[in-house]
Amino acid sequence: MATVISGKELATIRRNSMKEEVIEFGKKYNRLPHLVVILVGDNPASVSYVTGKGKACEEIGIKNTTIKKPETISEKELLDIIDELNNDSTVDGILVQLPLPKHINPDLVINAITPSKDVDGFHPINVASLYLKQPGIVSCTPKGIIEVLDFANIQIEGKHAVVIGRSNIVGMPVSKLLLDRNATVTICHSRTKNLAEITNTADIIIAAVGKAKFVKAEMVREGAVVIDVGVNRDEVTGKLCGDVDFKDVEPKASYITKVPGGIGPMTITCLMENTLECYLKHMEEK
Ligand code: L34
């Protein structure tokens, strides 16, 4: 039987303490932090996540503007909006929800955001800062994963962490964060041979493959910590499900996270933390 680590519970704790901070800083600086989220199109998953971001802002007292644009918006129009927000001194954070429609190059969009307002931590400057251990904005999901491990008092140093997935958004940055905490890190991906053999040597498994219920009991060593970063829709039920087959894996794990209620709420909470951080830098520079 595993202990379920609730990202939702940790998110609530963090959001409550941020609420107080926002009130204090709002008085001190006479202005609230402001996050602008841009949503292109009406992909139901994106709409749901963006709604969650708006609600979190409201809960904490962060000003939120959601700019909704149709699927047909041109790349140039989107870049112009970003340019305007970059130059708006009342905006602290800019987030363009991904994925974008095919005719828009996401790299160009990410690169257009001023690094000091890049609350996602996706800009090359922030990514480079992470790899060079220089101050910068760390992307939300990887940050949330480490916070969840710390919350459950799980030792990272000296442990073998196996990350399944090598995306720029999760796999790569979480591997770097784990390495910085002195874990021994193995990154696995779609071409990895003997995946189950490798995952069976893991003390900590980070599942970020994007395949529903991909991680099965036979891939997990007895007593491993299993963190599920997947956000998939079950094709049959339409329900949200993770990359881990929870029912199968839970009896073998020592600690495990669930989907929903695991890493998702912490992604949003870390976005709030990053927004607050950008705001404070912004105010202190004035
Ligand atoms: N630019 N695009 C940008 N930044 C991001 O950080 C994201 N991501 C990913 C997709 N695209 C992005 C998110 O916001 C995934 N993601 C995200 C955020 C929140 C949740 C899931 C994914 C979340 O809150 N999940 C809830 C359930 C929500 C529901 O029912 O739909 C959970 O408990 O897991």
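Here the structure is shown first, and the text comes after it.
Caption draft 1: The overall build of the protein chain, seen in detail. Across its full length, the protein chain holds 10 helices and 11 strands. Here the protein chain has a C-alpha radius of gyration of 19 Å; the compact-globule value for 286 residues is 19 Å, and the two agree. Principal axes of the C-alpha set define a box for the protein chain whose edges measure 50 × 40 × 35 Å. Expressed as a percentage of the 286 residues in the protein chain, the buried residues total 50%. Sequence separation of at least 24 residues holds for 72% of the intrachain contacts in the protein chain that already meet a minimum separation of 6. Carbon and sulfur atoms provide 53% of the accessible area of the protein chain, an area that totals close to 13,900 Å². The average position of the 34 basic charges and that of the 37 acidic charges among the side chains of the protein chain differ by 2 Å.

Caption draft 2: Summary view of the site of the ligand. Neighbouring the ligand are 18 residues, the closest being Ser48, Lys53, Val96, Asp120 and Gly261. In the environment of the ligand, a nitrogen atom lies 2.7 Å from a nitrogen or oxygen atom belonging to the side chain of Asp120. Across the complex, the protein chains shield 80% of the 680 Å² of accessible surface that the ligand would expose by itself. Only helix H2 (44-60), strand E4 (93-96) and helix H10 (263-284) provide two or more residues apiece to the shell around the ligand. Counting residues per element, the shell around the ligand draws most heavily on H10, at 4 residues. Tallied by class, the residues present in the shell around the ligand amount to 10 nonpolar, 5 polar and 3 charged.

Caption draft 3: Examining the sheet that holds strand E11 (residues 255-257) more closely. Read across the sheet, 6 strands follow the order E1-E11-E8-E7-E5-E6 without closing on themselves; strand pairing throughout is parallel. Pairing within the sheet leaves two strands with one partner each, and these edge strands are strand E1 (3-5) and strand E6 (184-188). With direction set aside, neighbouring strand axes in the sheet form an average angle of 20 degrees. Sheet topology note: the strand E8 (residues 225-228)/E11 ladder contains 2 bridges and is parallel. Bridging across to E11, Val226 finds its partner in Ile256. Here helix H6 (residues 140-151) sits on the sheet and contacts E1, strand E7 (204-207), E8 and E11; the angle it forms with E8, its principal contact strand, is near 145 degrees.

Caption draft 4: Main features of the sheet that holds strand E2 (residues 34-40). Judged by pairing direction, the sheet is parallel, and its 3 strands sit side by side in the order E3-E2-E4 without closing on themselves. Whereas interior strands pair on both sides, the edge strands pair on one side only; in this sheet they are strand E3 (63-69) and E4. For this sheet, the mean angle separating the axes of adjacent strands, direction not counted, is 15 degrees. Where H2 meets the sheet, its contacts fall on E2, E3 and E4, and the angle it forms with E2 comes to roughly 165 degrees.

Caption draft 5: Geometry of the packing of aromatic side chains. Tallying each qualifying case throughout the model produces 2 aromatic pairs. When the centroid spacing of 6.0 Å and the interplanar angle of 85 degrees are considered together, the rings of Tyr29 and Tyr279 count as edge-to-face. Here Tyr29 is found in helix H1 (residues 7-29), whereas its partner Tyr279 is found in helix H10, with 250 residues between them in sequence. Tyr279 matches Tyr29 in its accessibility class, with the two residues each being buried.

Caption draft 6: Summary view of H10. For H10, with 22 residues, the first-to-last C-alpha span of 31 Å sits near the 32 Å given by 1.5 Å per residue. Here H10 lies mainly inside the structure; 18 of its 22 residues are buried.

Caption draft 7: Region of interest: the pattern of salt bridges. Evaluation of the coordinates by the stated rule reveals 11 salt bridges. Two residues, Asp92 and Arg31, come together in a salt bridge whose shortest N-O distance is 2.9 Å. Placement of the pair is Asp92 in the loop between helix H3 (75-86) and E4 and Arg31 in the loop between H1 and E2, with a sequence separation of 61 residues. The buried category is assigned to Arg31, whose relative accessible area is 18%. The salt bridge involving Arg181 is made with Asp150; its shortest N-O contact spans 2.8 Å. Placement of Arg181 in the loop between helix H7 (171-180) and E6 and of Asp150 in helix H6 is noted, with a sequence separation of 31 residues between them. With a relative accessible area of 32%, Arg181 lands in the partly exposed category. In this structure, a network of salt bridges that share partners links the residues Arg14, Glu147 and Glu273.

Reading the values: rules and limits
Residues numbered from 1 in each chain as written. Predicted model: local features only at pLDDT ≥ 70, side-chain atom pairs only at ≥ 80, totals over all residues. Heavy atoms only, no water. Helix = DSSP H or I, 4+ residues; strand = E, 2+ residues; numbered from the N terminus. Rg over C-alpha atoms; globule rule 2.2 N^0.38 Å. Buried < 20%, exposed > 50% of the residue type's maximum accessible area, 1.4 Å probe, protein only. Contact = heavy atoms within 4.5 Å. Areas by Shrake-Rupley, 256 points an atom, 1.4 Å probe, with all protein chains shown as cover. Lys, Arg positive; Asp, Glu negative; His and termini not counted. Charge placed at Lys NZ, Arg CZ, Asp CG, Glu CD. Near = heavy atom within 4 Å. Polar contact = N/O pair within 3.5 Å; in protein donor to acceptor, adjacent residues only side chain to side chain. Nonpolar A, V, L, I, M, F, W, Y, C, P; charged D, E, K, R; others polar. Pairing = 2+ DSSP bridges. Axes fitted to C-alpha atoms, helices over the stretch in contact; angles between N-to-C directions. Phe/Tyr/Trp six-rings, centres within 6.5 Å; stacked < 30°, edge-to-face > 60°. Expected span 1.5 Å × (residues − 1). Salt bridge = Lys/Arg side-chain N within 4 Å of Asp/Glu carboxyl O.

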